[in-house]
Amino acid sequence: MASTVSEVRLSNSTANTMTNTRFHNLSTRISPPGIVSRFIGPLEGSVHAIWAQLVDFENWNRWMPGVEAVERQDAGVAGRGSILLVREKLTQLECRIAHWDPAKRLDLVFTTRSKRIGYSITVIGTDDTPHTEVRLEMEFEFNGLGSWLGFFRTSLEKRRASRLLECFALHMQFHST
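A brief look at the structure comes next.

Let's shift gears to the pairing of strand β6 (residues 92-101). In this sheet, β6 lies alongside strand β5 (residues 83-88) in antiparallel orientation, the contact comprising 5 bridges. Across the sheet, isoleucine 83 pairs through a bridge with arginine 96, a residue of β6. Remark: 3 residues form the turn of the hairpin made by β5 and β6, two consecutive strands paired antiparallel. Bridge count between β6 and strand β7 (residues 105-111): 7 bridges; the pairing is antiparallel. Pairing of tryptophan 100 across the sheet is with leucine 106, part of β7. Here β6 folds back onto β7, and the loop between the two strands holds 3 residues, one of which, alanine 103, carries a positive phi near 65°.

With that settled, consider a nonpolar patch on the surface. Together, Leu149, Phe151 and Phe152 make up a nonpolar patch on the protein surface, roughly 380 Å² of accessible area in all. Position of phenylalanine 152 relative to the elements: it lies in helix α3 (residues 150-175).

Below, the discussion takes up the environment of isoleucine 117. Take isoleucine 117: it is sitting in strand β8 (residues 115-124). Residue isoleucine 117 is classed as buried on the basis of its relative accessible area, which comes to 4%. The spatial distance from the C-alpha of isoleucine 117 to the C-alpha of glutamate 157 is 9.2 Å, given a sequence separation of 40 residues. What isoleucine 117 contacts, discounting residues up to four positions off in sequence, is Leu108, Val109, Phe110, Met138, Glu139, Phe140, Glu157 and Arg160.

In total, this model carries 6 salt bridges according to the counting rule given. Where glutamate 71 meets arginine 87, a salt bridge forms, and the shortest distance between an N and an O atom there is 2.3 Å. Of this pair, glutamate 71 sits in strand β4 (residues 67-72) while arginine 87 sits in strand β5, and the two are 16 residues apart along the sequence. Taking the relative accessible area as the measure of exposure, glutamate 71 reaches 35% and is therefore partly exposed. With a shortest N-O distance of 3.6 Å, glutamate 137 and arginine 135 are connected by a salt bridge. With a relative accessible area of 19%, glutamate 137 lands in the buried category.

Criteria and thresholds
Residues numbered from 1 in each chain as written. Predicted model: local features only at pLDDT ≥ 70, side-chain atom pairs only at ≥ 80, totals over all residues. Heavy atoms only, no water. Pairing = 2+ DSSP bridges. Helix = DSSP H or I, 4+ residues; strand = E, 2+ residues; numbered from the N terminus. Patch = residues over 30% accessible without salt bridge, like charges linked within 9 Å, V, L, I, M, F, W, Y side chains within 5 Å. Areas by Shrake-Rupley, 256 points an atom, 1.4 Å probe, with all protein chains shown as cover. Salt bridge = Lys/Arg side-chain N within 4 Å of Asp/Glu carboxyl O. Buried < 20%, exposed > 50% of the residue type's maximum accessible area, 1.4 Å probe, protein only. Contact = heavy atoms within 4.5 Å.

Shape descriptors only; they carry no functional weight alone.
Here it is in C-alpha cells:
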C-alpha cells in the first residue's frame, strides 16, 4: 500500500507555546489519523523475551540505529514516568516513559529543542505461540524553523521508523530465548 502524508496545523491555543508547530502524519496501513504505523513479525521468541529486549534500556545501542548510550535518570523500578537520557553521536534526547503495560505496550516520548517524537510499541502474541509481532506507532512534531522543512523531516522519520523495527528484528534473531 502506498504511503500517505498529511499535514495539520494546530491553533495557538492547542499548541500552547509551540506557535509554529506542524504535525506530520504517515501511514502504511489503515490507522487513526496522526499515527505512523509499522509492523514486523513474526519474530522468534515469546512475548516476554521480546519485552525483555525492548525494556533493556542500557542495551538499546545494540539494536537502535544511531544510539550510542542510554542512561536512566531516575531510581527504582522502570515504569510510567521513568526518564532516560539517550545519547546519539551529535545530540542527546530526553525520553520519558508515557505508558507501561508489561509484555504488552511501551510508549516513549523523545524530546529535543526542534522535535518531539512519540513511539508506541505494542507486542502482539501469546505465551502459547513461539512467534510474536511488534507494532510501532509513531507521532512526531517539529518546532520552530524545523517545521518549515516538514516534508524532508517527514521522509527521514518514516525511514527511521522502518529501520528501527528492522534492526530490532535482526537483534531478536540472535537474542530470543
